Amino acid sequence: MLALLLAVADGFRWGNRWYVATQFAQSDVDWGNAMVTHAHEALVRGLALLLVAAVAAAIGWRVRVVVHR
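Cut-off values and rules
Sequence order as written defines residue numbering, which begins from 1 separately in each chain. In view of the model being predicted, local features appear only for residues whose pLDDT reaches at least 70, and side-chain atom pairs are presented and counted only at 80 or more, with totals across whole chains, interfaces and linings using the full set of residues. To get the side-chain values, take all heavy atoms of the structure and skip hydrogens and water. Numbering of helices and strands starts at the N terminus; helices are DSSP runs of H or I of at least 4 residues and strands are runs of E of at least 2. Exposure categories follow from relative accessible area, calculated using a 1.4 Å probe and restricted to protein chains: below 20% of the type maximum is buried, above 50% is exposed, and the middle band is partly exposed. Patch definition: residues with relative accessible area over 30% and no salt bridge; like charges joined within 9 Å; nonpolar side chains (Val, Leu, Ile, Met, Phe, Trp, Tyr) joined within 5 Å. All accessible-area figures derive from a Shrake-Rupley calculation using a 1.4 Å probe, and residue coverage is judged against the displayed protein chains alone. By definition here, a salt bridge exists when the distance from a side-chain nitrogen of Lys or Arg to a carboxyl oxygen of Asp or Glu is within 4 Å.

Undergrad: Would you explain the overall build of the protein in this entry?
TA: Secondary structure assignment for the protein yields 1 helix and 0 strands. In the protein, which comprises 69 residues, the share counted as buried stands at 0%.

Undergrad: Sorry if this is basic, but what is going on with a nonpolar patch on the surface here?
TA: Residues W18, Y19, V20 and F24 make up a contiguous nonpolar surface patch of roughly 490 Å² in combined accessible area. Inspection of the secondary structure assignment puts V20 in helix α1 (residues 2-68). V20 gets classed as partly exposed once you look at its relative accessible area, which sits at 35%.

Laid out in structure tokens, this is it:
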């Protein structure tokens, strides 16, 4: 009977360790997904700013050409 009780207690202990490990793993996955999302947002913002800068430079170049004629 004591062996059965100890086996059950050991099962709960290992089950708890497995649960905690899976929670940490899920936390790491969530953190990784958040980092990917932030990186994607930063990339989109950077490309948008680059596009705006290119359009502004093209307009400025075109205005300068027209003014110098």
